[in-house]
Amino acid sequence: MVAPDRRLPRPVCLFIPSFGDGGVERMMVNIARGIAGEGFPVDFVVGSREQPFLDRFPPGVSIQVLGPTSQRQRVRFLLDYLPRRRPTIVLSAKTRDDRAALSAKRRSHGDTRYFLRPGTVMSERWRARGKNRLRRWWERRRLRALYRQADGVVAVSEGVAEDIAAITGLPEARIRVIRNPNLTPELENLAQEPLDHRWFAVGQPPVIMGIGGLRTQKDFPTLIRAFARVRERLPCRLMILGQGRQRDRLRRLADDLGLTDAVALPGFDPNPYRYLARASLFVLSSLWEGSPNVLTEALALGTPVVATDCRSGPREITRGGVFGALVPVGDVDALAAAMEATLRNPLPPHVLKEAVLEYRMDVSARRYLAAFGLIEEPAATSAS
């Protein structure tokens, strides 16, 4: 084992070997970018370098690669890594990674502190996936044991914090809420990139956007049914960006409602912001969320929004519906009415942008550093 160089500043470790291509991964990358931008070294631990988003790191981020490993091997990696790099903090964001990190904590020495970052409402996920009462009891018991070993917990929304407190029995005072760092410096540039699509040409009907994986959570069938009712009263079109196993079902639903030429399902696009910035309305129709990034991004780009009042995130992001109408989950009539009202009388872009200043990457990074005890608590933003 190589002896640590104690002259070097100690890094913050973001531990996410269960790296995929979703919102959790993108937010962990942005946390790393933001912390490095504040002058703190970051070690970003992943299973493979061939992953999305990893090309966005500044020089202050060191990528540490485990390779394809079992859970036991991940723990062994940490037991070697911890005395070698001596991180001040280990932050993990997925339950499997949380278990590996806290297993290493129990078997290691030193003053490294371990933080968990829950990103969704677990109780709603269990319910939607049909887990029976016994299974939910078992999941709660495991999470309670896990979270009580952590030195700190950072939730992405008040709703997630409340859910974790209810599941684990932790006092809410021990759970810090820090907004997702999804408003990056490049967002405006991405939004201004050219878009060659006839629906967005001058003089075309307004376009309503939905964005997300084509899966149960997003409840796009309700959005399509609500859109059908809006279109009876207003000329408009609906585009849903994303991919998933429900695509054929959604296409059939649009066809059955006579919307073949008015609903587009073009799949995944690496830059959805050029669509979002040109849309007349963004709709979040989800059954549940943690903190829906695309709702925040729509407001940051000045695009009017309508959202379901699901657990959790939309009520906090829209400030109780002030910056975007909230409707009951699964209510086609209410969603259609809110969509039509917003299309007819949208809030000005500059007003919408003021709602989401706390979601800027630099602001969020300073909140994390304060939660870790590495800097003093920063002042609130003007719109908090």
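A short tour of the structure in this document, coming up. (Residues numbered from 1 in each chain as written. Predicted model: local features only at pLDDT ≥ 70, side-chain atom pairs only at ≥ 80, totals over all residues. Heavy atoms only, no water.)

### Some points on a positive patch on the surface
Together, R72, R76, R106 and R107 give the surface a local cluster of positive charge. Of all elements in the fold, only α2 (71-85) and α3 (95-107) reach the threshold of two or more residues within the positive patch. Judged by its relative accessible area of 52%, R76 falls in the exposed class. (Patch = residues over 30% accessible without salt bridge, like charges linked within 9 Å, V, L, I, M, F, W, Y side chains within 5 Å. Areas by Shrake-Rupley, 256 points an atom, 1.4 Å probe, with all protein chains shown as cover. Salt bridge = Lys/Arg side-chain N within 4 Å of Asp/Glu carboxyl O. Lys, Arg positive; Asp, Glu negative; His and termini not counted. Charge placed at Lys NZ, Arg CZ, Asp CG, Glu CD. Helix = DSSP H or I, 4+ residues; strand = E, 2+ residues; numbered from the N terminus. Buried < 20%, exposed > 50% of the residue type's maximum accessible area, 1.4 Å probe, protein only.)

### What to know about the nonpolar core
Residues F15, L78, L82, V90, L143, Y147 and I175 are the most contacted members of the largest nonpolar core, which totals 33 residues. At the level of elements, β1 (12-15), α2, α3, β5 (113-116), α4 (122-128), α5 (133-147), β6 (152-155) and α6 (158-168) are the ones that each hand at least two residues to this core. If we skip the residues at most four places from it in the chain, L78 touches F15, P83, A100, A101 and A104. Residues L183, M209, L241 and A355 belong to the second largest nonpolar core, which totals 32 residues. (Core = buried A, V, L, I, M, F, W, Y, C linked by side-chain atoms within 4.5 Å. Contact = heavy atoms within 4.5 Å.)

### Observations concerning the environment of G47
Along the chain, G47 falls in the loop between β2 (42-46) and β3 (61-65). Residues G47 and F15 lie 32 residues apart in sequence; the distance between their C-alpha atoms is 9.7 Å. For G47, the contacting residues outside a window of four places in its chain are P17, V65, L66, G67 and P68.

### Here we look at the sheet that holds strand β8 (residues 207-211)
Hydrogen bonds between backbone atoms are what pair the strands of a sheet, whose relative direction is either parallel or antiparallel. Strand order in the open sheet made by the 6 strands is β10-β9-β8-β11-β12-β13, with parallel pairing throughout. The strands lining the two open edges of the sheet, one partner per strand, are β10 (263-267) and β13 (325-327). Recorded for the sheet is a direction-independent mean angle of 20° between the axes of neighbouring strands. Bridge analysis of β8 against strand β9 (residues 237-241) gives 5 bridges, and the strand direction is parallel. Note that in β9 the partner of G210 across the bridge is I240. (Pairing = 2+ DSSP bridges. Axes fitted to C-alpha atoms, helices over the stretch in contact; angles between N-to-C directions.)

### As for the environment of E162
Take E162: it is sitting in helix α6. Relative accessible area serves as the criterion here: at 41%, E162 is assigned to the partly exposed category.

### Quick notes on empty space enclosed by the protein
Counted according to the given criterion, the structure contains 1 cavity of 30 Å³ or more. Its boundaries defined by the atoms lining it, the largest cavity holds a volume of some 30 Å³. Taken together, I211, K218, F220, F282, V283, L284, S285 and S286 make up the full set of residues lining the largest cavity. Ranked by the residues each element gives to the lining of the largest cavity, the list is headed by strand β11 (residues 281-284), at 3 residues. Of the residues in the lining of the largest cavity, the class split is 5 nonpolar, 2 polar and 1 charged. (1 Å grid on protein atoms, 1.4 Å probe; cavity = no way out; pocket = protein on both sides within 12 Å on 5 of 7 lines; lining within 4 Å. Points joined across faces, edges and corners; volume = space filled by probe spheres on them. Nonpolar A, V, L, I, M, F, W, Y, C, P; charged D, E, K, R; others polar.)

### Notes on a nonpolar patch on the surface
Among the surface-exposed residues, L134, W137 and W138 lie close enough to one another that they form a single nonpolar patch of about 360 Å² accessible area. Mapped onto the elements of the fold, W137 is located in helix α5. Judged by its relative accessible area of 47%, W137 is partly exposed.

### Re the packing of aromatic side chains
The geometry of two aromatic rings is summed up by the distance between their centres and the angle between their planes. Taken as a whole and judged by the stated rule, the model has 7 aromatic pairs. Between W137 and W138, the aromatic rings sit 6.4 Å apart at their centres with planes inclined by 40°, giving tilted as the arrangement. (Phe/Tyr/Trp six-rings, centres within 6.5 Å; stacked < 30°, edge-to-face > 60°.)

### Quick word on the pattern of salt bridges
Applying the stated criterion across every chain, the model contains 24 salt bridges. Through salt bridges with shared partners, one network takes in E38, R360, D362 and R366.

### Observations concerning α5
The terminal C-alpha atoms of α5, which comprises 15 residues, lie 21 Å apart, in line with the 21 Å expected from a rise of 1.5 Å per residue. E139, L143, L146 and Y147 are the residues of α5 that are buried. Burial along α5 is one-sided: seen end-on, the buried residues are contained in an arc of 85°. Opposite the packed face of α5, turned more than 90 degrees from it, sit the exposed residues R133 and L134. (Expected span 1.5 Å × (residues − 1). Arc of directions from axis to C-beta.)

### Topic: the environment of D331
Examined against the element boundaries, D331 turns out to sit in the loop between β13 and α13 (332-344). Since its relative accessible area comes to 29%, D331 is described here as partly exposed. With 40 residues separating them along the chain, D331 and S291 place their C-alpha atoms 21 Å apart. Looking at D331, its side chain comes within polar contact range of the main-chain nitrogen of A334, at 3.0 Å. (Polar contact = N/O pair within 3.5 Å; in protein donor to acceptor, adjacent residues only side chain to side chain.)

### Topic: the packing of α5 against α6
Across the interface, α5 lies against α6 with an axial gap of 8 Å and an inter-helix angle of 100°. Judged by the angle between their axes, α5 and α6 are roughly perpendicular. Within the contact between the two elements, α5 uses R140, L143, R144 and Y147 and α6 uses I164, A166, I167 and T168. Class assignment of the residues belonging to the contact of α5 with α6 gives a composition of 5 nonpolar, 1 polar and 2 charged. (Parallel < 35°, antiparallel > 145°, perpendicular 65-115°, else oblique.)

### Topic: the sheet that holds strand β7 (residues 175-177)
The strand order across the open sheet formed by 7 strands is β3-β2-β1-β4-β5-β6-β7, and the pairing between neighbours is parallel. Both outer strands of the open sheet, β3 and β7, are each paired with one neighbouring strand and no more. Between one strand axis and the next, the sheet turns through 25° on average, direction left out of account. Sheet analysis places strand β4 (residues 89-92) next to β5, joined by 4 bridges and oriented parallel. Residue I89 lies in a different strand from β5, and its bridge partner there is R113. Here α6 sits on the sheet in contact with β6 and β7, set at roughly 170° to β7.

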